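# Results of the structural survey
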Amino acid sequence: MNTVLKNLTVIPMTQEKKFFRSDILIEDGIIRKIAPGLHGDIEKDCSGLTAIPGLINAHTHLSMTYMRNYKDTCSNLQEWLGQIFPIEDRMDDEDIYYGSLLGLCELIRSGCTAFADMYFHQWMTARACKEAGVRGFLSLTLFGDEEETRHRLSNIRLDSEIDDNLLRRDVAVHAIYTCSAGTYRYAAAWAKEHNAVVNTHLSETRKEMEDCLNENECLPAFYLDRLGFFDVPCYVAHGVWLQDEEVKLLAGKDVSIIHNPSSNCKLASGIAPVSHFRSLGANVGLGTDGASSNNNLSMIKEMRLAAMISTASTLDVAALPPYEVLRMATVNSAKALKADKYIGTLEEGKKADITLVNVQSCNMCPVNDIFSALVFSLDSANIDSVYVNGKCLLENGKLTTLDEDYIISQVYRRWEKLRKE
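Below you will find a few notes about this structure. Note that residues are indexed from 1 along each chain, following the sequence as it is written. Side-chain atom pairs in this predicted model are given and counted only at pLDDT of 80 or more, local residue features only at pLDDT of at least 70, and totals for whole chains, interfaces and linings cover all residues. As a rule here, side-chain values cover all heavy atoms of the structure and leave hydrogens and water aside.

A few words now on the overall build of the protein chain. To qualify as a helix, a DSSP run of H or I must reach at least 4 residues; to qualify as a strand, a run of E must reach at least 2; elements of each kind are numbered from the N terminus. Check the secondary structure of the protein chain and you find 14 helices and 17 strands. Here the globule rule is a power law, 2.2 Å times the number of residues to the power 0.38, and the radius of gyration is based on C-alpha atoms. Relative to the 2.2 N^0.38 estimate, which gives 22 Å for 421 residues, the radius of gyration of the protein chain is 21 Å and therefore close to what a compact globule would have. Expressed along its principal axes, the backbone C-alpha trace of the protein chain runs to roughly 65 × 45 × 45 Å. A burial count over the protein chain gives 61% of its 421 residues as buried. Sequence-distant contacts in the protein chain: of pairs separated by 6 or more residues, those separated by 24 or more amount to 73%. Per-residue and other accessible areas follow the Shrake-Rupley method at a 1.4 Å probe size, with only the shown protein chains counted as cover for residues. Accessible surface computed for the protein chain: about 16400 Å², of which carbon and sulfur atoms make up 47%. Remark: exposure states derive from per-residue accessible area (1.4 Å probe, protein chains only) relative to the maximum for the residue type, with buried under 20%, exposed over 50%, and partly exposed in between. Any two residues having at least one pair of non-hydrogen atoms within 4.5 Å are treated as being in contact.

Here we take up the pairing of strand β8 (residues 135-142). Along β8, eight of the eight residues are buried, which leaves the element largely enclosed by surrounding structure. Burial along β8 is two-sided: Arg135, Phe137, Ser139 and Thr141 facing one way and Gly136, Leu138, Leu140 and Leu142 facing the other are all buried. What makes two strands pair is DSSP finding at least two bridges between them. With six bridges connecting them, strand β7 (residues 112-119) and β8 associate as parallel partners. When the sheet's bridge partners are listed, methionine 118 is paired in β8 with serine 139. The pairing of β8 with strand β9 (residues 167-173) spans seven bridges and is classified as parallel. Opposite leucine 140, over in β9, you have valine 171 as the bridge partner. Throughout, right-handed denotes a crossover for which the path from the first strand over the helix to the second runs clockwise when the strands point away from the viewer. Handedness of the β-α-β unit built from β8, helix α4 (residues 146-154) and β9 comes out right-handed.

Below, the discussion takes up the nonpolar core. Here, nonpolar core refers to any group of buried Ala, Val, Leu, Ile, Met, Phe, Trp, Tyr and Cys residues whose side-chain atoms link them within 4.5 Å. Among the nonpolar cores identified, the biggest contains 115 residues, and Met67, Leu104, Phe229 and Phe230 are the most heavily contacted of them. Of the residues forming this core, the biggest block, nine residues, is contributed by helix α2 (residues 93-109). Among all residues touching phenylalanine 229, those that are not within four sequence positions of it are Val173, Tyr184, Ala187, Ala188, Val198, Asn199, Thr200, Leu224 and Cys234. With 16 residues, the next largest nonpolar core counts Ile24, Ile31, Ala51 and Leu346 among its residues.

The working definition used for a salt bridge is a side-chain nitrogen of Lys or Arg within 4 Å of a carboxyl oxygen of Asp or Glu. Applying the stated criterion across every chain, the model contains 22 salt bridges. The closest approach of N and O atoms between arginine 127 and glutamate 161, which form a salt bridge, is 2.7 Å. Taken together, the residues span a long stretch of sequence, with arginine 127 in helix α3 (residues 122-132) and glutamate 161 in the loop between α4 and β9 at a distance of 34 residues. For arginine 127, a relative accessible area of 37% translates into the label partly exposed.

Laid out in structure tokens, this is it:
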């Protein structure tokens, strides 16, 4: 059985500022046809709605929803981590499951169809993804030295949960200040053997950069390159303090940078000069980081902030125009995750990961420039419907796969226990 979304304004993100009136035919989870006048088994009149590729959150820690609005007065990343790590050590499978479900509710409501996760008990996040229907790139997350890494990778419970049509298994090394050189080498070798993509936090703070210079006599990107970490498909989060020569290295190695402006602002890490990174040839995607270091998981808010701080920091309104910001949240994020062959644009033959936006609302009217409206005026309330693999996860603003009220009640109950412990 197929579905036709009719009378849409389609923004395919295949060409700058291109949009047109059309229908979209979905069959077996794939976009089979984009053209006017289509007919199908199920036809949905989408008059007044705009179709965009589902937003892709290219870096987050999904189950950190528990620590939203918690310890907001920490002065920097290291102090904040000192408060967060002890709670994470106490989280069990059920904590991760409900924290993931809560995060997935928020992702869906804000038009996000895919996310890259770096966290623990990944098998429970996978289970939550399958229940919600959201596409996940889930990383086996490593900390510590090589011995600890071997232990973590020998206790994998993710494989049995992987659904190749919805989920992918990656591997993440947390950061150079929490992991040894041996862990980075081991992770790269493991990824090569298992055909996996690697990722890590990189140059998030000035302290991280300076400590690496003092301890390894080179900048962080050169340190990881020396360890062979960029010899496998890779993307890195933050990059706030990357120097020009490091960005050129990453661009030459086809390593993408994931911009996380809200987290970087909240934790006083700084502002990544992403327009400059782009001028040096780097692919820059967009992510929210975790709800604890951001306070939300909305890619809508992340797009707006990315545009705003780029203008404020460069004093150039054209440094990161709205179309490029939307591209970061779709095309570039898909490329960063090495998934651009099947998501990131609305094209025939790609996965039917589609977000429908209602622009006929007071906060977006009049729509003088659709790309500016989507970046500067869009709100979660404007997200009408969300499809992943052609399955409707949000219809007319209502979640179809998750019981939001029940999930919230479970998160409150579990957080009270975690906090008291």
